[in-house]
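Report on the structure
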Amino acid sequence: MRRVVCPGSFDPVTNGHIDIIGRAARQYDEVVAAVLTNVNKRGLFSVEEKVDMLRECTADVGNITISQFSGLLVDFCRENDIGAIIRSLRSVSDFDYELQIAQMNYRLAGVETLFMTANPQYSFLSSSLVREIAQYGGDVSSLVTPYVEQRLRDKYESRES
Ligand code: ADP
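Because the structure is a prediction, the values reported are computed rather than measured.

1. Focus: the site of the ligand
In the vicinity of the ligand lie 13 residues, with Ser9, Phe10, Ser88, Tyr122 and Leu125 positioned nearest. In this structure, histidine 17 approaches the ligand through a side-chain N or O atom, which is 3.0 Å from an oxygen atom. Between the ligand and arginine 87, the relevant distance is 3.1 Å, taken from an oxygen atom to a side-chain nitrogen or oxygen of the residue. Alone, the ligand offers 550 Å² of accessible surface; in the complex the protein occludes 84% of this. Secondary-structure elements contributing two or more residues to the shell around the ligand are β1 (3-8), α1 (15-27) and β4 (84-89). For the shell around the ligand, the element with the highest residue contribution is α1, accounting for three residues. Across the shell around the ligand, the residue classes tally to six nonpolar, five polar and two charged.

So this is what it looks like as structure tokens:
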């Protein structure tokens, strides 16, 4: 059984994430999309909300499970019998950052990191840009699913009131 993890902040999940997770699911037996719980960095959405949005966006694919983790990703991999980490590369700057982490994870626990190139259609897309556009009422309908779009609207409306 070849189980891999797609880790991330997913704050919120975008069409770029869904593209990578879906492509990984066609290559491996099981993909675990794992939301990082970072106690030092409060996101826009809670971990529960991020997990809920990921579940909704990937509901039609059978071999994807959604999880969450805190602490070291390599420990999460060991505890869940995960053989490799999938990360995606949008740009050279992603590569610079990812290479160092991948080498450290291998050094720490012998866990491999496999890179997938981002779909050029989404290579400009990041959760932070989506948050910024949505915050000012911009149109994010081509960047996230309708469900996530609604969650963003709810979030910013509740903040205003
Ligand atoms: P992190 O904070 O760990 O980078 P993100 O949620 O930003 O978490 O990203 C999780 C993973 O999804 C990373 O491998 C990242 O490169 C990838 N990713 C983010 N945005 C896109 C996109 N638009 N297209 C493809 N992959 C993406």
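So much for the structure itself; the text now carries on.
2. Comments concerning the UniProt feature "domain: Cytidyltransferase-like" (unreviewed entry) in the chain
The positions that UniProt labels "domain: Cytidyltransferase-like" (unreviewed entry) are, in the present scheme, residues 5-132. Note that residues 5-132 is 43% helix and 23% strand, and that its end C-alpha atoms are spaced 27 Å apart.

3. Here's the deal with the sheet that holds β4
Strand order in the open sheet formed by five strands is β3-β2-β1-β4-β5, with parallel pairing between adjacent strands. Strands at the two margins of the open sheet, each flanked by one partner only, are β3 (64-69) and β5 (112-117). When strand polarity is set aside, the average angle formed by the axes of neighbouring strands in this sheet is 35°. As defined by bridge partners, β1 adjoins strand β2 (residues 30-36) across six bridges and the pair is classed as parallel. Bridging across to β2, proline 7 finds its partner in alanine 34.

4. Considering the nonpolar core
Core analysis: the largest hydrophobic core is formed by 33 residues, its most contacted members being Ile21, Val31, Leu54 and Leu152. Secondary structure elements with two or more residues in this core: β1, α1, β2, α2 (47-57), β3, β4, α5 (127-135) and α6 (146-160). The biggest single contributor to this core is α2, with five residues. Other than its neighbours up to four places away in sequence, leucine 54 contacts Phe10, Val13, Ile21, Ala33, Val35 and Ile66. Residues Val5, Val32, Leu73 and Ile82 belong to the second largest nonpolar core, which totals 11 residues.

5. Quick notes on the packing of α2 against α6
Between two packed helices, both the angle of their axes relative to each other and the distance between the axes serve to describe the pair. Running from amino to carboxyl end, α2 crosses α6 at an angle of 155°, the nearest separation of the two axes being 10 Å. With respect to their mutual orientation, α2 and α6 come out roughly antiparallel. From α2, Glu49, Asp52, Met53, Glu56 and Cys57 reach across to α6, where they touch Tyr147, Val148, Arg151 and Lys155. Residues that form the contact of α2 with α6 fall into these classes: four nonpolar, no polar and five charged.

Procedures and definitions
- Residues numbered from 1 in each chain as written.
- Predicted model: local features only at pLDDT ≥ 70, side-chain atom pairs only at ≥ 80, totals over all residues.
- Heavy atoms only, no water.
- Near = heavy atom within 4 Å.
- Polar contact = N/O pair within 3.5 Å; in protein donor to acceptor, adjacent residues only side chain to side chain.
- Areas by Shrake-Rupley, 256 points an atom, 1.4 Å probe, with all protein chains shown as cover.
- Helix = DSSP H or I, 4+ residues; strand = E, 2+ residues; numbered from the N terminus.
- Nonpolar A, V, L, I, M, F, W, Y, C, P; charged D, E, K, R; others polar.
- UniProt positions renumbered as here; feature names shortened; annotations may be inferred.
- Pairing = 2+ DSSP bridges.
- Axes fitted to C-alpha atoms, helices over the stretch in contact; angles between N-to-C directions.
- Core = buried A, V, L, I, M, F, W, Y, C linked by side-chain atoms within 4.5 Å.
- Buried < 20%, exposed > 50% of the residue type's maximum accessible area, 1.4 Å probe, protein only.
- Contact = heavy atoms within 4.5 Å.
- Parallel < 35°, antiparallel > 145°, perpendicular 65-115°, else oblique.

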